[in-house]
Every structure is written in structure tokens, then in C-alpha cells.
Amino acid sequence: MVTSSSQTMQRLDSQFPIKAEVRSLDFYYGQSQVLNDINLAIPDRQITALMGPSGCGKTTLLRCFNRMHDLYPNNRYRGEILLDQRHNILSPTIDPIEVRMRIGMVFQKPNPFPKSVYENVAYGLRVQGRTQRSDLDEKVEAALKSAALWHEVKDRLKEPAFNLSGGQQQRLCIARALVTNPDLVLFDEPTSALDPMSTAHIEELMRQLKAQVTILIVTHSLQQAARFSDYAAFMYLGKLVEFQKTTKLFAEPQDPLTQSYLSGSVG
Amino acid sequence: MLAAKFSDLITPQLGHQLHQRKLLNLGFMVMGLVAIMVALFTLAALIIHMAMSGWPRLSTWEFFTAFASRRPERAGILAAWVGSLLVISVTAIVAVPIGVAAGIYLEEYARKNWLSELIEINVTNLAGVPSIIYGLLALGVFVYEFKFGRSVLTAGCTLALLILPIVIVTTRESLRSIPQMIREAAYAVGATQWQVIWHHVLPYSIGGILTGTIIGLSRAIGETSSLITIGALTFIAFLPESPFQGKPPFVSWEWLNSPFTVMPIQMFNWVSRPNPEFQVNAAAAGTVLMTMTLLMNGFAIYLRYRLRQGIKW
Ligand SMILES: Nc1ncnc2c1ncn2[C@@H]1O[C@H](COP(=O)(O)OP(=O)(O)OP(=O)(O)O)[C@@H](O)[C@H]1O
Ligand SMILES: [Mg+2]
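Residues numbered from 1 in each chain as written. Chains lettered and ligands numbered in written order. Predicted model: local features only at pLDDT ≥ 70, side-chain atom pairs only at ≥ 80, totals over all residues. Heavy atoms only, no water.

### What to know about the confidence of the model for chain A
Going by this rule: Confidence of the predictor at the level of single residues is given by pLDDT, which spans 0 to 100. We call two residues in contact whenever any of their non-hydrogen atoms come within 4.5 Å of each other.
Mean pLDDT over chain A: 90, with 93% of residues reaching 70 or higher. Contacts for the low-pLDDT stretch residues 1-11 of chain A, under 50 throughout, to residues beyond four places or in other chains number 18 contacts.

Okay, here's the thing in C-alpha cells:
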């Protein structure tokens, strides 16, 4: 049985306020449809994991949330993503830049700018035209602390970001995403390029982060999803198959597709 | 003994075939080496021969501080090198902003359709147009239409046209080499397209852009035919007015309207004289011109190396 998404949303609604709600979302790269009628309600200040076999559309879905697809021609959305139950962030009347100031993103490969550690984090404020030094200093420090990086870099703020290790670079990218105080942060397989130690570090960091921000994360690793997500969605061929509390999804998956994926025979 | 056993593992047939393959490899290596040697040796021989023929004049300071003269032993390249410097400055000031802006527009803003395809093909073709054609165009447009006269300004603009395609193409290539990941990282925190270009794409690709520009300029500095077409003087015994003045407003633009000559034209002029002593002058001027070009190219290589440091993807 494919869990009806509206039912799911009803049930989740009663437990946590909903931060963002995807409603009948279709997505096309040119002529090819990659997302098919996605319905998903993302609970506030929880970690929601997107799982599924390679090519099922996880990244595509994630990038709808900050309108990254708008950067390329011929990409088309249909449907809505409601932020705080009010604003449809896919609406053509909403400026994608405003959306991106409220919804941060961390990419698969650490991608710091070839600038100093400080400037990397401050960039999100600089683009908004904020230049007051004390203001920037304060926000940069807070973001680096949230990203559990402050103690490692507080004496190296002027150094090039490339001097940091891979795991530190990824946490720097997290700080860069946090500095504007976003409502929601999107992570696309943030640890897949990292060693197990750095991965553990970042997972621990996310557990702490969820006190202040809603997290939506794509992950390839079932163990990772099981370890730290609160809710988990399973996608298959552009459709959302099942969306549940993580413990429940892993303990008693409803859909046969989910069952076989979790047991390792699909994907 | 062990070795003998090891090659026993390979059948004689395979062994023979391996021998042939290695021979072919060696053959190509030798051919490539010879080709490179021929090219390098010819160039080196030309330069050394020229420098040696010109040495009697090069070794005198007056060669650089004297105007052209009917008497070969008193003739110098002052007007020519000052002229080259001024013309190249105008070329750089005109070609760089226009070329870089056009490159940015084509690469970052223009939608990809048949029109931009057409423009792209045309820009590439422009790089192959013979320079004398640019000279004719400039004669019609700058000299007769805009009434710039046969001046430094006209020459600078003509050479700017000439190198514009080079600047545009290298700008586009440099911009294209910036990974999409970096752009997306900037967009993801709410940057506008202009901010992404101005804060990231341009600073990270400036090395490549400058390199291409300097190589274009070093081509312009040796350019002769288009400047003869627009009417550069071959004999000139005064300098344009200095751009910097002792009294307010301290800068003067008179030099832009001044008649001029440039290094390659001076050289051409001397080469065409029957008096063999002028050939020495020509060789000396050629050596100076060659040095200018090599210095500019060397500077381009240095810049590329310097500006790429600390940037890796
Ligand atoms: N820019 C694009 N243009 C056209 N098709 C695309 C584009 N990007 C992705 N696709 C296609 O869309 C589908 C979904 O891709 P997506 O990257 O969202 O998958 P994914 O679930 O993130 O996979 P993975 O786990 O391998 O990262 C794939 O079939 C892919 O080939
Ligand atoms: Mg993906």
C-alpha cells in the first residue's frame, strides 16, 4: 500500500507544526518528468531524511526548496511548496533570491569560496549589503559556533578556506548556510565525500542544530538516516512512496517497495 | 635466470609484436623531438642573428633617445617606441572593458539560441580576418567618418578592433572554467547574478582574462599593415604632447590627436632603405620589438601562475 500522503500529513500535523509543505509537486527537466505528484509535510525543527535509489529524484526535490532549478532554462515546476503554511515559495511572484535568503543549502562536495574562512561565512550577509564590522563579526562567530567549528578556526579566520580539512570545509559550508538565520537548511548527501570521523562529527552537529533550524537531508546511507533522522521519506522513480517517523519506517515499512529497499534488494 | 623465465611467460609471437609496438613508440618520440628542435632552432637562430646584426646600434644609448634621421648612425627609435607605448595604451583601454563586458554578456547572460550561436561563430571568425581589412575599415570609420584623423587615437581603436575577438574568446573561456559548484554556492546564500559574477566569477577568472588580453596586446604591438593603411607616418621627429602636465589640470589629451609612428613601421621603413647601414638599425629595432613581445608574454605567464595560486577546485 502506498501511504496516502494527505493521511500522513494529517497525522504529522498533530505532532509538530509544519515548516514546509509540498503539495502535488511535479518537476520537469525539459520534457522529462522527474518528480511526480510529491506530497510531503516537513515538521518544524526536526530532521527529515530523503532516501531512495540513485536517480529517483532526491536531489531534484531538494533543489526545488531553494529554487535552484531557476538558474537553468527549461526547468519547470507544477504544484506548491508552502512555507509556514502561508507562502508558496514556488510561486512565480516570489523572488528566488528572497527564498534563498531564508532557506540555506549545503552541497554534497564541500565548496568553500577561494576566500578567507571569515569571508566565506560572512558572504551571506555581505550580499545583503551589511558591512558593519561588529555586526558581521558577531554573526560570523555565532554561525561558526553553531557549526561546531569556532574553536578550530578562531585563530585562523584570515586564512584561506582551502587550508581547512575536508570535514572542516564542510562545517564551514554549514556555517555559511546558517549565518543568515534560515528557517530551513537543505543538505544534499553532506557527508558522502568525508571520512567516518568527520561524518560522525557532522551528524552530531545536526542533532544539535535541529533545536534552532529545520533540516531536510538527502542521504544514501540507510544507517545514517536511521541514526539521526526523526522523519524519513522513501522515494522511488520520482514518486514519494512512503513518509513516516524514522523509527516506524525502519521497524514496520508499509509499502513492499520500501520493504525491499530497506532489506537491500532495491537500489 | 629468473629474467629468462619471466619472458618465457610471453609467447615469441607476442614478444615480437611488443618489440614492434615499442619501435613505433620510439619512432614517434624521435619525430616529435625533431619537429620541436626545428621550430625552436629556427626561431633562436633568427633572433640571435638579428640581435647580433643590430648590436652596434643597440649598444648605444642614443638609439633609444634619438629621432629618426637621414643619417643611419644618428637615427634612433624614440618616436617609435613612445608611439607604440601610447597606441598600445589606447588599445588596452578600449579593448579590455569592451571585450570583457562582451565576454561576460555572451557567457553569463545571453540566452542560448540561434542568435547567440550566430554571434559566437562570428566572433570566432573575426579573429581570422586579415588585419589589413581592419585597416580599411578603420580608415573609413575612424578617419573619415568620426574625423579622428591619422592619430594615436585612430591607431589605438584600430588595434582594439583587431584584438577584440581574442579578448572576448579568452574571457569566455576563463569564465567557463569556473566550476558551477562555486556559482551555486553563492546563489544559495541569496546572491544576485551580478553579485555572483562580480564577487566570484570575475575575480577567480581574472588570471585567464589578463593572460589572453596581454597575448592579444603583444600581437597588436607588432601589427603593421593596418596602421600603414590608416596612414601612420614613417618619418617623425617630434613626440606627442605629454599626457602629464606640470600645471592644472595636470593631464592633457592632446597626445590622442597627435600623428604617430610605431616600432614595426619604423623597422619596415629602415628595411626598405638601400643603404646597408640602415639594415643594422632595422635589426636593432627588430630586436627591441621582439624583446617587448617576449616580455609581455612572459608577464602573461607570470600573471597566470601568480593569480592561480590559492585557487583550486
Ligand atoms: N539537469 C538535468 N537535466 C536532465 N535530467 C536530469 C538533470 N539532473 C538530473 N536529471 C535526471 O533526473 C533524475 C533524478 O535525478 P536526481 O539527481 O534528482 O537523482 P538522485 O535521487 O539525487 O540520485 P543520486 O542518489 O544518484 O544523487 C535522474 O534520472 C537524472 O538522470
Ligand atoms: Mg543526488
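Don't stop here, the text continues.
### Section: the site of ligand 1
Residues and elements named next belong to chain A. Inclusion rule: We call a residue near a molecule or strand as soon as one heavy atom of that residue lies within 4 Å of the molecule or strand. Each polar contact in these results corresponds to two N or O atoms within 3.5 Å; when the atoms are within protein, one needs to be able to donate a hydrogen and the other to accept it, and residues that are neighboring in sequence are counted only if both atoms are side-chain atoms. Note on areas: Shrake-Rupley, 1.4 Å probe, and residue coverage restricted to the protein chains presented here. Put simply, DSSP marks the helices as runs of H or I at least four residues long and the strands as runs of E at least two long, and each gets a number from the N terminus on.
Taken together, the residues surrounding ligand 1 are Tyr29, Val34, Ser54, Gly55, Cys56, Gly57, Lys58, Thr59, Thr60, Glu189 and His220. Within the contact set of ligand 1, an oxygen atom lies 2.8 Å away from a backbone nitrogen or oxygen of Gly55. Gly57 is positioned with one of its backbone polar atoms (N or O) 3.0 Å from an oxygen atom of ligand 1. When ligand 1 sits alone it has 630 Å² of accessible area, and the protein chains cover 57% of it. Ranked by residue count, the leading element in the shell around ligand 1 is helix α2 (residues 58-64), at 3 residues.

### Overview of the sheet that holds strand β4 (residues 75-83) of chain A
Residue and element names in this part refer to chain A. We apply this condition: Strands pair, by our definition, only if DSSP identifies at least two bridges between them.
The strand order across the open sheet formed by 4 strands is β2-β1-β4-β5, and the pairing between neighbours is antiparallel. If you trace the sheet from one side to the other, it starts and ends with β2 (32-43) and β5 (87-88), each paired once. Pairing geometry for strand β1 (residues 18-29) and β4, over 8 bridges, is antiparallel. Bridge pairing in β4 places Tyr28 opposite Arg76.

### A few points about the sheet that holds strand β3 (residues 47-51) of chain A
Residue and element names in this part refer to chain A. Applicable threshold: Axis lines are fitted to C-alpha atoms, over the contacting stretch for helices. Their N-to-C directions set the angle, which ranges from 0 to 180 degrees.
Strand order in the open sheet formed by 6 strands is β6-β7-β8-β3-β9-β10, and the pairing between neighbours is mixed. This sheet does not close on itself; its edge strands, each paired only once, are β6 (103-106) and β10 (239-245). The mean angle between the axes of side-by-side strands here comes to 20°, regardless of whether they run parallel or antiparallel. When strand β9 (residues 231-236) meets β10, the two strands line up antiparallel, connected through 6 bridges. Each residue of the ladder has a partner; that of Phe234, found in β10, is Glu242.

### Regarding the packing of aromatic side chains
Operational definition: For Phe, Tyr and Trp, where Trp contributes only its six-membered ring, two rings pair if their centres lie within 6.5 Å, and the inter-plane angle classes them as stacked under 30 degrees, edge-to-face over 60, or tilted in between. A 1.4 Å probe rolled over the protein chains alone gives each residue an accessible area, and that area as a share of the maximum for its type sets the label: buried under 20%, exposed over 50%, partly exposed in between.
With the rule as written, the count across this model stands at 11 aromatic pairs over all chains. Ring geometry for Phe234(A) versus Tyr236(A): centroids 6.4 Å apart, planes at 25°, classification stacked. Here Phe234(A) falls in the buried class, since its relative accessible area comes to 0%. Ring geometry for Trp194(B) and Trp198(B): centres 5.5 Å apart, planes at 20°, overall stacked. Of this pair, Trp194(B) and Trp198(B) both sit in helix α9 (residues 193-221), 4 residues apart, roughly one helical turn.

### Some points on the environment of Ile47(A)
Residue and element names in this part refer to chain A. Counting through the fold element by element, Ile47 comes out in strand β3. According to the relative accessible area criterion, Ile47 is buried, its value standing at 0%. With 168 residues separating them along the chain, Ile47 and Ile215 place their C-alpha atoms 4.8 Å apart. What Ile47 contacts, discounting residues up to four positions off in sequence, is Met206, Arg207, Lys210, Ile215, Ile217, Phe228, Ser229, Asp230 and Tyr231.

### Thoughts on the environment of Tyr72(A)
Within the fold, Tyr72(A) resides in the loop between α2 and β4. Counting along the chain gives 43 residues from Tyr72(A) to Tyr29(A), while the straight-line C-alpha distance between them is 9.5 Å. Look past the residues within four positions of Tyr72(A) in its chain and what remains in contact with it is Arg63(A), Gln180(B) and Glu184(B). Within the local environment of Tyr72(A), its side chain forms a polar contact with the side chain of Gln180(B), the two groups lying 2.9 Å apart. At a separation of 2.6 Å, a polar atom in the side chain of Tyr72(A) contacts the side chain of Glu184(B).

### Focus on the nonpolar core
Rules: Residues enter a nonpolar core if they are buried and are Ala, Val, Leu, Ile, Met, Phe, Trp, Tyr or Cys, with the set joined through side-chain atoms within 4.5 Å.
Counting residues in each nonpolar core, the largest one holds 104 residues, and the members touching the most others are Leu40(A) and Phe65(A). Of the residues forming this core, the biggest block, 12 residues, is contributed by helix α7 (residues 152-176) of chain B. By size, the runner-up hydrophobic cluster in this structure holds 44 residues, among which are Leu144(A), Trp150(A), Leu205(A) and Leu222(A).

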